[in-house]
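Commentary on secondary and tertiary structure
In case you want the letters, here they are:
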Amino acid sequence: MNKFDDSNLSQAPQHGGRLNAAAARYGIPREQWLDLSTGINPNGWPVPPLPAEVFSRLPEDDDGLQQAAVDYYGSADLLLLPGSQAAIQALPELRFAQSGASRTGVLHPAYAEHAFRWQQAGHRVLALTVEQIETRLNELDVLVLVNPCNPSGVTFSLQCLCRWHAELASRGGWLLVDEAFIDATPECSVIRDPMPEGLIVLRSLGKFFGLAGIRVGALCAQPAVLEPLSRRIGPWAIGHPARWIARQALSDTGWQQCMRAALAQQQVRLHTLLHKCFAVPVSSTALFATLFIEQANAIEQACAERGILVRRFDQPAALRFGLPGSEAQWQRLEQCLKEIQP
Ligand SMILES: Cc1ncc(COP(=O)(O)O)c(C=O)c1O
């Protein structure tokens, strides 16, 4: 098990989607870019014109959003948040306030905000590969996983998650599962009704629904976790337009079913394309595919010179490709990869 050295965690992590910076760096106007640097669904839930009152009136708690979320996520132990990021930041502080500094194992590689926030809150953070989890679990108070994992595409079985949760919970520990990318395969979610002690699950409307800009997420956990977080987040944390959109999107089961089928096909297309071009291991989820390749830096540059923004990771060297949003964009990506493949 590796302790993250402080240099890794002293700065806030960088994220994909920084199109202005790419435009300035490569001298390509913003509107000419194909941004594949995030795992956000490019064909998200189609937002209709909004009623005028969502802009002029404060949102009300009993507007139907909570019930729509309970129905969609499958648990009444649920708190809506201004993005799951709000919980990623608040949970380490809550744990510290309730139980002091905890030995926290964080899956690595994974969405870097988790390790950063746990370390910032004063916990001892240990980077764990998938293989290390089983053998090191007995040393942990808290285990933080991302399922399916961004960016590695790794998934965890419900059986494993339940066993790890039971072990941690038996000594007052937490299993925190970030399910931001699970909506295309909801049967893999570990959410239960009611939520058991020590199990905390994060969800996001930013990925599958493609609604990253409205900043809505959800946290499922026992009231001992939900209530202090709810007090901390306070009233009107999610804006009225965002609440209105989230309620409709979570209730639109027809769109959700069609989207799951469409994403399954697109996942195969992207996975196959990358594997064919680079002949190295590719790991994919419904919303992105990650290529583990030594020349990640050079490929990122070559794509960027052609106006295609992808996301590079170091340690291990990898490139994550989000889904193109139209046939023209697929062809642009295919052409680009054909030109640059080794
Ligand atoms: C794995 C993972 N979890 C959570 C988040 C935060 O998402 P949001 O705050 O938009 O819900 C991200 C954002 O990229 C992510 O990749």
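Residues numbered from 1 in each chain as written. Predicted model: local features only at pLDDT ≥ 70, side-chain atom pairs only at ≥ 80, totals over all residues. Heavy atoms only, no water.

Along the chain, the position of Arg 332 falls in helix α13 (residues 327-340). Considering only alpha carbons, one finds Arg 332 and Arg 306, 26 residues apart in sequence, at a separation of 9.3 Å. Sequence-distant contacts of Arg 332, that is, excluding residues within four places in its chain, are made with Gln 32, Trp 33, Leu 34, Arg 306, Gly 307 and Ile 308. From its side chain, Arg 332 meets the backbone oxygen of Gln 32 in a polar contact 3.0 Å long. (Helix = DSSP H or I, 4+ residues; strand = E, 2+ residues; numbered from the N terminus. Contact = heavy atoms within 4.5 Å. Polar contact = N/O pair within 3.5 Å; in protein donor to acceptor, adjacent residues only side chain to side chain.)

Moving on, we get to the pairing of strand β5 (residues 124-128). In terms of burial, β5 is a largely internal element, four of the five residues being buried. As paired elements, strand β4 (residues 103-107) and β5 share five bridges and run parallel to each other. From the neighbouring strand, Leu 107 faces β5, where its bridge partner is Leu 128. This β-α-β element, β4 to helix α6 (residues 113-120) to β5, shows right-handed connectivity. (Buried < 20%, exposed > 50% of the residue type's maximum accessible area, 1.4 Å probe, protein only. Pairing = 2+ DSSP bridges. Right-handed = clockwise from strand over helix to strand, strands pointing away.)

The buried fraction of strand β8 (residues 199-204) amounts to six of the six residues, a majority that puts the element mostly inside the structure. Residues Leu 199, Val 201 and Arg 203 point to one face of β8 and Ile 200, Leu 202 and Ser 204 to the other, with burial holding for every one of them. Looking at chain direction, strand β7 (residues 174-178) and β8 are connected through four bridges and run parallel. Looking at the pairing, Asp 178 lines up with Leu 202 of β8. Here four bridges tie β8 to strand β9 (residues 217-220), and the two strands are oriented antiparallel to one another. In the sheet register, Val 201 faces β9, and the bridge partner there is Cys 220.

What follows deals with the site of the ligand. What surrounds the ligand is a group of 13 residues, the closest being Asn 150, Asp 178, Ser 204, Lys 207 and Arg 215. In the environment of the ligand, an oxygen atom lies 2.7 Å from a nitrogen or oxygen atom belonging to the side chain of Arg 215. Relative to its free-state accessible area of 400 Å², the ligand is covered by the protein chains to the extent of 91%. Tallied by class, residues from the shell around the ligand come to five nonpolar, five polar and three charged. (Near = heavy atom within 4 Å. Areas by Shrake-Rupley, 256 points an atom, 1.4 Å probe, with all protein chains shown as cover. Nonpolar A, V, L, I, M, F, W, Y, C, P; charged D, E, K, R; others polar.)

Our focus in this paragraph is the layout of surface pockets. Roughly 340 Å³ of internal volume is contained in the second largest pocket. Going through the elements one at a time, β3 (78-81) and α9 (223-233) are the ones with two or more residues in the lining of the second largest pocket. In terms of residue count, β3 provides more of the lining of the second largest pocket than any other element does, three residues in total. Classifying every residue of the lining of the second largest pocket by side-chain character gives nine nonpolar, three polar and two charged. (1 Å grid on protein atoms, 1.4 Å probe; cavity = no way out; pocket = protein on both sides within 12 Å on 5 of 7 lines; lining within 4 Å. Points joined across faces, edges and corners; volume = space filled by probe spheres on them.)

The next thing to look at is unusual backbone geometry. Trans peptide bonds make up the majority, and among non-glycine residues the majority have a negative phi. Note that the residue after His 108, namely Pro 109, is joined by a cis bond; omega there is 0°. With respect to the helices and strands, the residue Pro 109 is situated in the loop between β4 and α6. Across the junction of Asn 147 and Pro 148, the peptide omega takes the value -5°, indicating a cis bond. Checked against the element boundaries, Pro 148 lands in the loop between β6 (142-146) and α8 (158-169). The backbone phi angle of Arg 215 is positive, close to 60°, even though this residue is not glycine. Within the secondary structure layout, Arg 215 lies in the loop between β8 and β9. What makes Arg 215 partly exposed here is its relative accessible area of 39%.

Turning our attention to the packing of helix α12 (residues 296-305) against α13. It is the contact of α12 with α13, at a shortest axis distance of 10 Å, that shows an interaxial angle of 130°. Considered as vectors, α12 and α13 are oriented oblique to each other. When you trace α12 past α13, the crossing you get is right-handed. Counting all contacts with α12, which are made through Ile 299, Ala 302 and Cys 303, the residues of α13 involved are Cys 336, Leu 337 and Ile 340. Classifying every residue of the contact of α12 with α13 gives six nonpolar, no polar and no charged. (Axes fitted to C-alpha atoms, helices over the stretch in contact; angles between N-to-C directions. Parallel < 35°, antiparallel > 145°, perpendicular 65-115°, else oblique. Left-handed = near helix turned anticlockwise from the far one by under 90°.)

Our focus in this paragraph is the environment of Leu 107. Within the fold, Leu 107 resides in strand β4. Relative accessible area serves as the criterion here: at 4%, Leu 107 is assigned to the buried category. Leu 107 sits 34 residues away from Asp 141 along the chain, and the two C-alpha atoms are 14 Å apart. Every residue in contact with Leu 107, bar those within four places of it in the chain, is listed here: Leu 128, Thr 129, Val 130, Ile 133, Val 144, Leu 145, Val 146, Cys 149 and Phe 156.

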